[in-house]
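Results of the structural survey
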Amino acid sequence: TEDIMSSDTGKYDFDIMEFKIIEENDYIGKDYNWIFYDLRQKYNCVLLGIYHRGILFKNPSHELIIEKNDYLLLIANGDSKEKLKSIFHIEQGRF
């Protein structure tokens, strides 16, 4: 049986990822809805939710503004993983 937490390996394998918003991230100050569509269009991934000020919001209102130290939860395929690391300037996961 396949492990649900197994890592994505290609175009058709998807994985849930978590990226911390650090100071160098261009998404700081943008609203959730804008980021949702930007990630979908450019990186073929779906933003599922956000840890914002220590609270998990699943598919929050579009008015929520992204801040430094938030965590974005998204689902993406293996082909997108390297591109996502480059825009977030950080490896995925909590540190």
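Here is a short report on the structure shown in this document.

About the thresholds
- Residues numbered from 1 in each chain as written.
- Predicted model: local features only at pLDDT ≥ 70, side-chain atom pairs only at ≥ 80, totals over all residues.
- Heavy atoms only, no water.
- Helix = DSSP H or I, 4+ residues; strand = E, 2+ residues; numbered from the N terminus.
- Buried < 20%, exposed > 50% of the residue type's maximum accessible area, 1.4 Å probe, protein only.
- Contact = heavy atoms within 4.5 Å.
- Areas by Shrake-Rupley, 256 points an atom, 1.4 Å probe, with all protein chains shown as cover.
- Arc of directions from axis to C-beta.
- Phe/Tyr/Trp six-rings, centres within 6.5 Å; stacked < 30°, edge-to-face > 60°.

**Overview of the overall build of the protein**
When helices and strands are counted, the protein shows two helices and four strands. The order of α-helices and β-strands along the protein, N terminus first, is β-α-β-β-β-α. Every one of the 95 residues in the protein was classed for burial, and the buried ones make up 41%. Taking contacts inside the protein between residues at least 6 apart in sequence as the whole, the part at least 24 apart equals 68%. Of the accessible surface of the protein, which amounts to about 6,100 Å², a share of 51% is contributed by carbon and sulfur atoms.

**A closer look at helix α2 (residues 78-88)**
Think of an α-helix as turning once every 3.6 residues; residues three or four places apart then point the same way. What α2 keeps buried is the set Gly78, Ser80, Lys81, Leu84, Lys85, Ile87 and Phe88. Buried residues of α2, viewed axially, fall in a sector of 165°; they line one side. On its buried face, α2 sits against β1 (14-20), α1 (32-43) and β4 (71-77).

**Comments concerning the packing of aromatic side chains**
Given two aromatic rings, one states the distance between the centres and the angle between the planes to describe the pair. Scanning all chains against the criterion turns up four aromatic pairs. With a centroid separation of 4.6 Å and an interplanar angle of 10°, the aromatic rings of Phe19 and Phe88 are classed as stacked. Of this pair, Phe19 sits in strand β1 while Phe88 sits in helix α2, and the two are 69 residues apart along the sequence. Side by side, Phe19 and Phe88 carry an identical accessibility label, which is buried. Look at Tyr27 and Phe88: their rings are 5.9 Å apart centre to centre, the planes differ by 65°, and that puts the pair in the edge-to-face class. Here the residue Tyr27 occupies a position in the loop between β1 and α1, and Phe88 occupies one in helix α2, the gap between them amounting to 61 residues. Residue class for Tyr27 comes out buried when judged on its relative accessible area of 6%. Put simply, the rings of Phe19, Tyr27, Trp34 and Phe88 pair up and form one aromatic cluster.

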